[in-house]
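Chain by chain, the residues:
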Amino acid sequence: MTTRIDSDADGIRVTGEMTVYTASQVKQPLIDAVCDSPANVQMDLSGVSDLDTAGVQLLLLAHREALASGRQLRLVAESNIVRDVLTLFGALGMLKDARATEGRP
């Protein structure tokens, strides 16, 4: 399955898999979309069909890159698999609530 990253004024939408098999395809377009955003970034992962630890690492990298460029990354929608995996790793709250990282470098 091909993974797509679409960005527009409303934010970033990822569809497909975010796994070790797609990480190299997803990494740079995801970071570019975050860094090219003119404001805080809203991310829609409701179309993600599979997520593993490599995908979680990509999301945390995108979060870190957003903070480094003075933006916040906020997850606004997620598929069940994304919700389950991020909950397992304890990262769902951090990505859903932009206020959780306010004031952090």
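Relevant structure appears above.
The paragraphs below set out a description of the structure included in this document.

What counts and what doesn't
Residues numbered from 1 in each chain as written. Predicted model: local features only at pLDDT ≥ 70, side-chain atom pairs only at ≥ 80, totals over all residues. Heavy atoms only, no water. Pairing = 2+ DSSP bridges. Helix = DSSP H or I, 4+ residues; strand = E, 2+ residues; numbered from the N terminus. Axes fitted to C-alpha atoms, helices over the stretch in contact; angles between N-to-C directions. Contact = heavy atoms within 4.5 Å. Buried < 20%, exposed > 50% of the residue type's maximum accessible area, 1.4 Å probe, protein only. Right-handed = clockwise from strand over helix to strand, strands pointing away.

Remarks on the sheet that holds strand β2 (residues 11–18)
Link 1 in the chain: Spatial ordering of the open sheet is given by β1-β2-β3-β4, a layout of 4 strands whose pairing is mixed. Looking at strand neighbours, the two that pair on one side only are β1 (4–8) and β4 (73–78), the edges of this open sheet. Shown here is a sheet whose adjacent strand axes are inclined to one another by a mean of 20 degrees, direction ignored.
Link 2 in the chain: In terms of strand pairing, β2 meets strand β3 (residues 41–51) through 6 bridges, oriented parallel. Pairing of Glu17 across the sheet is with Asp50, part of β3.
Link 3 in the chain: Here helix α1 (residues 23–36) sits on the sheet and contacts β1, β2, β3 and β4; the angle it forms with β2, its principal contact strand, is near 170 degrees.
Link 4 in the chain: Helix-sheet contacts for helix α2 (residues 53–68) involve β2, β3 and β4, and the interaxial angle to β3 is about 170 degrees.

Brief notes about the pairing of β2
Link 1 in the chain: Taken across its 8 residues, β2 has 6 buried, putting it largely inside the fold.
Link 2 in the chain: Remark: 2 residues form the turn of the hairpin made by β1 and β2, two consecutive strands paired antiparallel.
Link 3 in the chain: Following the chain from β2 across α1 to the adjacent parallel β3, one finds a crossover that is right-handed.

Read these as geometric descriptors, not functional statements.
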